[in-house]
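Understanding the architecture of this molecule
Now for the letters of each chain:
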Amino acid sequence: MQRVFLWLSTLFALYVSGFACATDNPLPPGDERPVPHIALLLPLKSEMFGSAADAVQRGFMAAANLVLTDPNSLPVRVYSSFDEGSDIVALYRLAVTNGARGVVGPLTRSGVAMLAAESEIPVPTLALNLADRPAAAQLYFFGMAAEAEARQIAQIAKQNGHQQAIVIVTRSQLSHRLQLAFEEEWYGTGGSLVREMLFDADPSVLAEITSLQDTAVFLAADAMEARKIRPFLPKSQPIYATSQVFLGNSDTLGGYDLDGVRFVDMPWLLQTDHPAVMVYPRANPPLSVAHERLYGLGIDAFRLMELMLGNKLSTHLPLDGVSGRLRLDGHIFQRAALPARFEQGHAEYRAASAPSTVRMFPDQVLPPAPPGATAQR
């Protein structure tokens, strides 16, 4: 009787803590051997992050389904979380206990911070955000930090011959983060800062900006704010921004408002007819642009995990992904997005020089198409 009571008590503890329903796939009975698989840990049951997690899952599975015929591929098991900040460590341990050979996730910054605090990471693990602390040997990070795009834009502006910069910021927290990242990289390239300008719905502050071809203007702003700012800047002024200004090419009116603005974004959004992009199916029904980026993140997360499990990082990086060109810097997978520019209401990829092949980047290896599949536009 005492053994039965202890068993029931343990089962109740698992249930109330969320472990018993931690995965969308049935768990193997306790008396069976663990099943080798790739674990995908996402906050699918979170009210705040559930839709973002769903987009990542759909992209991840789209890539995974292309290799189902490979006898060496592992099945994917999805583990759903309510709150990664509190339950991710237990969920991670559950996945490993169930036989996970590799783990992808968590997605949120709080979840990644909790996992990064763990000293024991027994299998290759790819977190989908960044942490502010050193990582265990098998813990790697991959995400879509907007600050990385701001740094890339600073490099592009310097490569285009600009020596000075004006930074226009808004009152949002994201704008401040973009500003700091751009300026840090800009100073690192040897550039100088003419001034910082706060745009607070009053366009008169922009009247002082005159057209100077050696001076780049960086908009640390989202699409809505950028559309308010751009009409008050000289037409010939070189203007730069991040993917925050791009809401997709169906937003033609917004594209006209941002005419001439240079930015960076994913091949998944900018080169939809590229063979390396077309090999992966699109979400159906279509997603918002923000969620399409997460879908692309999911595709590349699966590809990176495949390389990690096959010990191929040293031979297959940089990787030309649908989210950008990926390289490994320590434990962080850095993503270089594609340069683009708004012209006549439409955003288009703009290479530094005309490409001689269909590759998105030099030395690109295209992913294999599934047997019998044909690319569709």
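This report concerns the structure included in the present document. Along each chain, numbering runs from 1 in the same order as the chain's sequence is written. This being a predicted model, a pLDDT of at least 70 is required before a residue's local features are given, and a value of 80 or more before pairs of side-chain atoms are given or counted; all residues contribute to the totals for chains, interfaces and linings. The side-chain numbers reported here are obtained from all heavy atoms of the structure, hydrogens and water having been left aside.

1. Things to note about the packing of helix 5 (residues 146-159) against helix 6 (residues 173-188)
In the contact formed by helix 5 and helix 6, the axes pass within 8 Å of each other and the chain directions differ by 40°. In this view, helix 5 runs oblique relative to helix 6, as classed from their interaxial angle. Helix 5 and helix 6 meet at a crossing whose hand is right-handed. Each of Ala146, Glu147, Ala150, Arg151, Ile153, Ala154, Gln155, Ala157 and Lys158 in helix 5 lies in contact with helix 6, whose residues at this interface are Leu174, Arg177, Leu178, Ala181, Phe182, Glu184, Glu185 and Trp186. Each residue receives one of three labels: charged for Asp, Glu, Lys and Arg, nonpolar for Ala, Val, Leu, Ile, Met, Phe, Trp, Tyr, Cys and Pro, and polar for the others, Gly being one of them. Looking at the contact of helix 5 with helix 6 residue by residue, the classes come out as 10 nonpolar, one polar and six charged. Each axis is a line fitted through C-alpha atoms, taken for helices only over the stretch in contact, and angles between the N-to-C directions span 0 to 180 degrees. Numbering of helices and strands starts at the N terminus; helices are DSSP runs of H or I of at least 4 residues and strands are runs of E of at least 2. Angle categories: roughly parallel below 35 degrees, roughly antiparallel above 145, roughly perpendicular from 65 to 115, and oblique for all the rest. The sense of a crossing depends on the near helix, which, turned anticlockwise from the far helix by less than a right angle, makes the crossing left-handed and, turned clockwise, makes it right-handed. When checking whether two residues touch, look at their non-hydrogen atoms; a contact exists if any pair is within 4.5 Å.

2. Structural notes on helix 3 (residues 84-97)
Along its 14 residues, helix 3 runs 18 Å from first to last C-alpha, staying within 8% of the 20 Å computed at 1.5 Å per residue. In this scheme, a residue with accessible area under 20% of its type's maximum is buried, one over 50% is exposed, and one in between is partly exposed, where area comes from a 1.4 Å probe on protein chains only. Inspection of helix 3 places Glu84, Asp87, Ile88, Val89, Leu91, Tyr92, Leu94 and Ala95 among the buried residues, and these make up the whole buried set. The term polar contact refers here to a pair of N or O atoms within 3.5 Å; inside protein, the definition further demands a hydrogen-donor-capable atom paired with an acceptor-capable atom, and it admits residues adjacent in sequence only when both atoms are side-chain atoms. For helix 3, the N-terminal cap is Asp83; the gap from its side-chain oxygen to the backbone nitrogen of Gly85 is 3.1 Å. Directly after helix 3, the chain includes Gly99, whose backbone phi takes a positive value near 110°. Each helix should span, by expectation, one fewer than its residue count multiplied by 1.5 Å.

3. Structural notes on unusual backbone geometry
Here the amide bond leading from Asn284 into Pro285 is cis, since omega sits at 5°, within 30 degrees of zero. Positionally, Pro285 belongs in the loop between helix 10 (275-278) and helix 11 (289-309). In this structure, the amide linkage connecting Leu317 to the following residue, Pro318, adopts the cis form with an omega of 0°. Locating Pro318 in the fold gives a position in the loop between helix 12 (313-316) and strand 11 (319-320). Of note, Ala201 is a non-glycine position whose phi angle comes to about 75°, a positive value. The phi dihedral of Asn311 is positive, around 55°, even though this residue is not glycine. By secondary structure assignment, the location of Asn311 is in the loop between helix 11 and helix 12.

4. Quick word on the pattern of salt bridges
Where charged atoms of side chains with opposite charge meet at close range, the side chains can pair. Between Lys or Arg on one side and Asp or Glu on the other, a salt bridge is scored when a side-chain nitrogen of the former is within 4 Å of a carboxyl oxygen of the latter. Counting across every chain of the model gives 15 salt bridges. Here Asp200 and Arg171 are joined by a salt bridge, their closest N and O atoms 2.9 Å apart. Note that Asp200 is positioned in the loop between strand 7 (192-198) and strand 8 (215-220) and Arg171 in the loop between strand 6 (164-169) and helix 6, a separation of 29 residues in sequence. Relative accessible area serves as the criterion here: at 43%, Asp200 is assigned to the partly exposed category. Owing to a relative accessible area of 62%, Arg171 belongs among the exposed residues under this scheme. Here Arg282 and Glu292 are joined by a salt bridge, their closest N and O atoms 4.0 Å apart. With Arg282 in the loop between helix 10 and helix 11 and Glu292 in helix 11, this residue pair connects regions lying 10 residues apart in the sequence. Assessed through its relative accessible area of 34%, Arg282 is described here as partly exposed. The class for Glu292 is buried, based on a relative accessible area of 8%. Here the salt bridges share partners, and the residues they tie into one network are Arg341, Glu343 and Arg350.

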